[in-house]
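Close look at the chain arrangement
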Amino acid sequence: MNARTTRTLAAALSLTAALALSGCSGDSEPKIAVSGAFMPQPVSDKMAGAFMVIKNNAETADKLTGATSPLSDDLQVHETKDQKMQQVQSMDVPANGELRLERGGNHIMLMGLKSTPKVGDKVTVELRFEKAGPVKVELDVKERTYNAQNSKAH
Ligand code: CU
């Protein structure tokens, strides 16, 4: 490929990118909706799990990239594989789909709690996404054995 072809291609590509960008800017607000958010009452102040269903009503896929909370300075996105949790950098939230954070599966983990919430308390968590703006969620603190009613039946 000679230099001229490369330049023409680059120009064509950047034009496409510009068009795509201006097409996006007309889009309305991020369309992330969270339901059924809860935290089982933590056993100690060492850690706690956060569970919810994150629905993406947009035409484009997004990613959950992290979270913050007044309760902890270290929130991690965890997946469960072979009954072991491991931290991941991000988790997909499919276009017109949902990401389920549920017991025994994917979840958000709060490490080193500043206090130990009890049943009936609320915990605020702010979710971070790759595309959508931050989303604030209020978690209900539930009994340790609680499972969300909208979880898949087993
Ligand atoms: Cu975990």
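Shown above is the structure to which this text applies.
So, here is what we can say about the structure in this document. Because the structure is predicted, anything quoted here is derived from the model rather than measured.

Points about the overall build of the chain
Scanning the chain for helices and strands turns up one helix and ten strands. The secondary structure elements of the chain, listed N-terminal to C-terminal, are α-β-β-β-β-β-β-β-β-β-β. Classification of the 154 residues of the chain by burial places 35% in the buried group. Summing over all exposed atoms, the chain offers an accessible surface of approximately 9600 Å²; the carbon and sulfur share of this is 52%.

What about the nonpolar core?
Met52, Ile54, Leu64, Ile108, Leu127, Phe129 and Leu139 are the most contacted members of the largest nonpolar core, which has 29 residues in total. Sequence-distant contacts of leucine 64, that is, excluding residues within four places in its chain, are made with Ile54, Val77, Gln89, Ser90, Met91, Val93, Leu99, Leu101, Ile108, Leu127, Arg128 and Phe129.

Focus on the coordination of the copper ion
Geometry sets the ideal angles at a metal, namely 109.5 degrees for four tetrahedral donors and 90 or 180 degrees for six octahedral donors. At this site the copper ion is bound by His78 (ND1), Met85 (SD), His107 (NE2) and Met109 (SD), with donor distances of 2.0 to 2.3 Å. What the four donor atoms of the copper ion show is an angle range of 97 to 122 degrees at the metal, which sorts the shape as tetrahedral. Mapped onto the sequence, the donors of the copper ion take the spacing H-x6-M-x21-H-x1-M. On the criterion of sequence distance, the pair formed by methionine 85 in strand S5 (residues 84–88) and histidine 107 in strand S8 (residues 107–111) is long-range, its members being 22 residues apart.

Thoughts on the pattern of salt bridges
Tallied over the full model, the rule gives eight salt bridges. Among the salt bridges present, the one from aspartate 73 reaches lysine 114, with a minimum N-O distance of 2.9 Å. Pair noted here: aspartate 73 is in the loop between strand S3 (62–68) and strand S4 (74–81) and lysine 114 is in the loop between S8 and strand S9 (122–129), with a separation of 41 residues, a long-range link. For the pair formed by aspartate 73 and lysine 114, the shared burial category is exposed. For glutamate 102, the salt bridge identified is with arginine 100, shortest N-O distance 3.5 Å. Overall, arginine 100 belongs to the buried group, its relative accessible area being 19%. Among the charged side chains, a network of salt bridges with common partners joins Glu98, Arg100 and Glu102.

Some remarks on the side chain of glutamate 126
As for its placement among the helices and strands, glutamate 126 is situated in strand S9. A relative accessible area of 18% places glutamate 126 in the buried class. For glutamate 126, the side chain forms a polar contact with the side chain of arginine 128, separated by 2.6 Å. For glutamate 126, the contacting residues outside a window of four places in its chain are Gly66, Ala67, Thr68, Pro134, Val135 and Lys136.

Regarding the pairing of S5
Of the strand pairs in this sheet, S4 and S5 are connected by five bridges, and their pairing is antiparallel. Across the sheet, the residue bridging to threonine 80 is methionine 85, located in S5. Counting the residues that bridge the hairpin from S4 to S5 gives two residues, and of these aspartate 82 lies at a positive phi of roughly 50 degrees.

Overview of the packing of aromatic side chains
Summed over all chains, the structure comprises two aromatic pairs. Summarising the aromatic geometry, the rings of phenylalanine 38 and tyrosine 146 are spaced 4.8 Å apart at their centres and angled 80 degrees between planes, so their arrangement reads as edge-to-face. Of this pair, phenylalanine 38 sits in strand S1 (residues 32–40) while tyrosine 146 sits in the segment after strand S10 (135–142); the two residues are 108 residues apart in sequence, bridging distant segments of the chain. Relative accessible area serves as the criterion here: at 23%, tyrosine 146 is assigned to the partly exposed category.

Some points on the environment of arginine 144
Within the element layout of this structure, arginine 144 appears in the segment after S10. Sequence spacing of arginine 144 and methionine 39 is 105 residues, and the spatial spacing of their C-alpha atoms is 8.4 Å. Ignoring any residue separated from it by four or fewer positions in sequence, one finds arginine 144 in contact with Pro40, Gln41, Pro42, Val43 and Arg103.

The rules behind the values
Residues numbered from 1 in each chain as written. Predicted model: local features only at pLDDT ≥ 70, side-chain atom pairs only at ≥ 80, totals over all residues. Heavy atoms only, no water. Helix = DSSP H or I, 4+ residues; strand = E, 2+ residues; numbered from the N terminus. Buried < 20%, exposed > 50% of the residue type's maximum accessible area, 1.4 Å probe, protein only. Areas by Shrake-Rupley, 256 points an atom, 1.4 Å probe, with all protein chains shown as cover. Core = buried A, V, L, I, M, F, W, Y, C linked by side-chain atoms within 4.5 Å. Contact = heavy atoms within 4.5 Å. Donors = N, O, S within 2.8 Å, 3.2 Å for Na, K, Ca; no water. Tetrahedral: all angles 85-135°; square planar, octahedral: opposite > 155°, others 65-115°. Salt bridge = Lys/Arg side-chain N within 4 Å of Asp/Glu carboxyl O. Polar contact = N/O pair within 3.5 Å; in protein donor to acceptor, adjacent residues only side chain to side chain. Pairing = 2+ DSSP bridges. Phe/Tyr/Trp six-rings, centres within 6.5 Å; stacked < 30°, edge-to-face > 60°.

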